[in-house]
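Topology and contacts: notes
Chain by chain, the residues run as shown.
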Amino acid sequence: MSNIKLIIEERAARIGDFLVGRLLPFRQKRAVGPFVFIDHMGPVDFSAGQNLDIAPHPHIGLSTLTYLFEGNIMHRDSLGNELEISPGAVNWMTAGKGVVHSERTPDRLRNTPKRLHGLQIWVALPKALEQTEPNFYHAEKDKLPSWEADGVMYKLIAGEALGKKSPVPVYSELYMLEIVNLSQEDKQITIGEGLYGESGLYILEGSVRIKSHRYTAKQLLVTQESHLCRFELSAKAKVYVFGGEALPEKRFIHWNFVASDMKNIEKARTDWEQQNFPKVPNETEYIPLPTFNY
């Protein structure tokens, strides 16, 4: 277990009426590389008439990465984008100096039973880009680099690793990989030489064995050294390896705001209270500013 620095268990957190499993931030580890926030959504089943309805809310200083395993989300933002997110696609929204978006069940599914399951991730922007203009990028699943080796499927969701590069336009040195054991046998995974910076390994399904220790689903392993060396993946297991070079400055998180300077967060709070952020077309609701910190 010499390369495991920290084991983080999912913790229940409520987002409106929606219960998620929070992985980051954690009191002993606020970030892994530039990744500062990870929620595991679901799996949750909605009956006909029950829907995901996250009203317009703001972000600054980060890029959001939405990656679904099951279900669909309609994304609308203040840049005018309106797009349905489907399983395996990457929704990448860079807030910069400020953006607002909503996340809802698509109209075509609102009166049918449905399931939702996925990851919601925040990646902090480098300090020089925290006040950049907001932008948006969407990559369908067939645009992401994927390959198979010895019965194991690899997909590079974002960044650069293992000699591959995702089309998602990231702003710092990072990576996020999906690794799935397609076989009925345990498989040895050796990818350390293709990684860099800090690394985390999130077990979604199955288990991982490192030396004599076995780790199971809903655990996040953070490495002691700068890269993962080797682990054994159980049959039909699915894991996510993510990380990269840590940003040199501390990041503050308040609600949906991320910044290296608290003054930017204080300004964002005031702007949202006074409704000075840009509006999402065809949306009239909004989420009020809460009074708590993460």
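Above this text you will find the structure in question.
Along each chain, residues carry numbers from 1 onward, in the same order as the chain's sequence is written. Whole-chain, interface and lining totals are the exception, using all residues; otherwise, since this is a predicted model, local features are given only for residues with pLDDT of at least 70 and side-chain atom pairs are given and counted only at 80 or more. No hydrogens and no water enter the side-chain calculation; it runs on all heavy atoms of the structure.

1. Re the nonpolar core
Membership of the largest hydrophobic core comes to 26 residues, with the highest contact counts inside it found for Leu65, Val90, Met176, Tyr240 and Phe242. For this analysis, residues touch if any pair of their heavy atoms sits within 4.5 Å. Discounting chain neighbours no more than four positions away, the residues touching Tyr240 are Tyr67, Phe69, Leu119, Ile157, Met176, Leu177, Glu178, Gly200, Leu201, Tyr202 and Leu204. Working definition of a nonpolar core: buried Ala, Val, Leu, Ile, Met, Phe, Trp, Tyr and Cys residues. They are joined through side-chain atoms within 4.5 Å. Think of it in three bands: with a 1.4 Å probe and only protein chains considered, a residue is buried below 20% of the maximum accessible area for its type, exposed above 50%, and partly exposed in between. Counting residues in each nonpolar core, the second largest holds 22 residues, with Leu221, Phe231, Leu233 and Ala237 among its members.

2. Re the environment of Ala139
For helices the rule is a DSSP run of H or I covering at least 4 residues; for strands it is a run of E covering at least 2, with both sets numbered from the N terminus onward. Structurally, Ala139 is set in strand β12 (residues 135-139). Separated by 18 residues in the primary sequence, Ala139 and Ile157 place their C-alpha atoms 9.3 Å from one another. The residues contacting Ala139, other than those within four sequence positions of it, are Ala89, Val90, Leu144 and Val168.

3. Brief notes about the sheet that holds strand β10 (residues 99-104)
The pairing of strands in a sheet happens through backbone hydrogen bonds and is either parallel or antiparallel. When DSSP finds two or more bridges between two strands, those strands count as paired. Here four strands make up an open sheet; going across it, the order is β5-β10-β7-β8 and the pairing antiparallel. The open sheet is flanked by β5 (53-59) and β8 (82-85), the only strands paired with a single partner. The average undirected angle you get between the axes of adjacent strands in this sheet is 20°. Pairing of β5 with β10, which is carried by five bridges, proceeds in the antiparallel orientation. Counted as the bridge partner of His57 is His101 from β10. Fitted lines through C-alpha atoms give the axes, limited to the stretch in contact for helices. The angle between two N-to-C directions lies from 0 to 180 degrees.

4. Some points on the environment of Lys211
Relative to the assigned elements, Lys211 resides in the loop between β19 (207-210) and β20 (213-216). Put simply, Lys211 and Phe231 are 20 residues apart on the chain and 7.7 Å apart in space, counted from C-alpha to C-alpha.

5. Examining the environment of Asp45
Take Asp45: it is sitting in strand β4 (residues 35-46). Taking relative accessible area as the criterion, Asp45 reaches 49% and is therefore assigned partly exposed. In this structure, the C-alpha to C-alpha distance between Asp45 and Pro113, residues 68 residues apart in sequence, is 7.4 Å. In this structure Asp45 touches Gln50, Lys114 and Arg115, once residues within four positions along its chain are discounted. Side-chain atoms alone can form a polar contact between residues adjacent in sequence; in general such a contact is a pair of N or O atoms within 3.5 Å, and within protein one must be able to donate a hydrogen while the other accepts it. Looking at Asp45, its side chain comes within polar contact range of the side chain of Arg115, at 2.8 Å.

6. Looking at the sheet that holds strand β17 (residues 187-189)
Strands sit in the order β17-β22-β19-β20 across an open sheet of four strands; the sheet is antiparallel. The outermost strands of the open sheet, each flanked by one partner alone, are β17 and β20. Geometrically, the sheet is characterised by an average inter-axis angle of 30° between neighbouring strands, direction not taken into account. Here β19 pairs with strand β22 (residues 231-233) via two bridges, running antiparallel. Looking at β22, one finds that Val208 is bridged to Leu233.

7. Regarding the packing of aromatic side chains
Centres within 6.5 Å are what make two rings of Phe, Tyr or Trp a pair, Trp counting through its six-membered ring; a difference in plane orientation under 30 degrees is then read as stacked, over 60 as edge-to-face, and the rest as tilted. Per the stated rule, a full pass over the model turns up 12 aromatic pairs. Note on Tyr67 and Tyr240: the rings are 6.2 Å apart at their centroids and 70° apart in plane angle, and the pair reads as edge-to-face. With a gap of 173 residues between them, Tyr67 in strand β6 (residues 62-70) and Tyr240 in strand β23 (residues 238-244) connect regions that are remote in the sequence. Aromatic pair Trp255 and Phe257: ring centres 5.7 Å apart, planes at 85°, arrangement edge-to-face. The same class applies to Trp255 and to Phe257, which are both buried. In this structure an aromatic cluster arises from ring pairing among Trp255, Phe257, Trp272, Phe277 and Tyr286. Put simply, a charge is over a ring when the Lys NZ or the Arg CZ is close to the ring centre, within 6 Å, and near the line of the ring normal, within 35 degrees. The lysine or arginine in question, Lys164, covers the ring of Trp147, its NZ or CZ lying 5.1 Å from the ring centre.

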